[in-house]
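# Structure assessment
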Amino acid sequence: MLERYELETFLTLAEELHFGRTGERLGVSTGRVSQTVKKLERRVGTPLFARTSRSVVLTPVGLRLYEDLLPAYQQLRTALERATGAGRGVHGRLRAGFGTPWDAELLTAAADALIGRRPGCEITVREVPLDGGVRPLQDGELDIQLAAFPVREPELTTGPVVVRDDRVLLLPTAHPLAGRPSLGLEDLAGLPLITPDGAHPRHWLDQHYPRHTPSGAAVPRGPVAATWQEVLSHVTAGRGVTPGAAQGARYHPRPGIAYVPLRDAPPLEYGLVWPTAAESALIREFVAAVGTVRVRGA
């Protein structure tokens, strides 16, 4: 009967094919990895790895053992994770919200990953319109949301920044400034800004839709919009301009819109937000899953 550390050492080395990296993954010395493999090979009665000074490869017997053991090991891990999750109360329903397509992709990937480990969980992901702000959290319609910072509502908890993007200015392609390689915040002077409809905190609006340039020149207000598609329609029609995320050029390309970098604007930051009083083991696991997916994606 294999001990767990023997099983994990063999499977990890079979994946890494490098004693040093295997030791790093398992948190043990290279010598411990070598000793464990030799012990396992003595038990099997034949080499499982062919070693040279430059490479490590599985022998035919080692490859067959790896293919036989891996499904059983994965099934064992899944069973343990389910039991651990049930013991920690990691179950139930989670409603997550997003405001941009790239945030949607991140939350969906995190939800799929978490459900794979916690089949007893139900996670739904839905869009929050531009005029929604964090109101769905406050109204109990969502349990967690990937929102544009800053969020300072006292009843809400904010996690770390998980998405950061450069700012651009969306202008009609016929606008005199549209052909420049970049713009500064001073260039906003006199340009009507398209702003989101709905009740948003003043500090949030000032962060994303300034009323004055750094030198104090006025930035007038243009039409309001409830959705991002309305924003794009206003820009295309020449009714105003609006700040946005650089990724928008990839997700919302429009023939009549230019995405020009704002070279001196602070980056856009998005993070997870949830009601403090409703924090749960499932929320904490989802926050961790989003972080893991983000790191892998980066």
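Before any of the text, the structure's been laid out above.
First, a word on what this report is: a plain description of the structure on this page. (Residues numbered from 1 in each chain as written. Predicted model: local features only at pLDDT ≥ 70, side-chain atom pairs only at ≥ 80, totals over all residues. Heavy atoms only, no water.)

Attention shifts here to the side chain of Gln145. Its location among the elements puts Gln145 in strand β5 (residues 144-148). Gln145 gets classed as buried once you look at its relative accessible area, which sits at 4%. Of note is the side chain of Gln145, whose polar atom sits 2.9 Å from the backbone oxygen of Gly133. Excluding anything up to four places from it in sequence, Gln145 contacts Gly97, Val128, Gly133, Val134, Pro136, Leu137, Gly271, Leu272 and Val273. (Helix = DSSP H or I, 4+ residues; strand = E, 2+ residues; numbered from the N terminus. Buried < 20%, exposed > 50% of the residue type's maximum accessible area, 1.4 Å probe, protein only. Polar contact = N/O pair within 3.5 Å; in protein donor to acceptor, adjacent residues only side chain to side chain. Contact = heavy atoms within 4.5 Å.)

What follows covers the pairing of β5. Across the five residues of β5, five count as buried, placing the element largely inside the fold. Here β5 shows two buried faces, one formed by Ile144, Leu146 and Ala148 and the other by Gln145 and Ala147. As paired strands, strand β3 (residues 92-98) and β5 are joined by two bridges and run parallel to one another. From the neighbouring strand, Gly97 faces β5, where its bridge partner is Gln145. The pairing of β5 with strand β12 (residues 268-275) spans four bridges and is antiparallel. Residue Ala148 lies in a different strand from β12, and its bridge partner there is Tyr270. (Pairing = 2+ DSSP bridges.)

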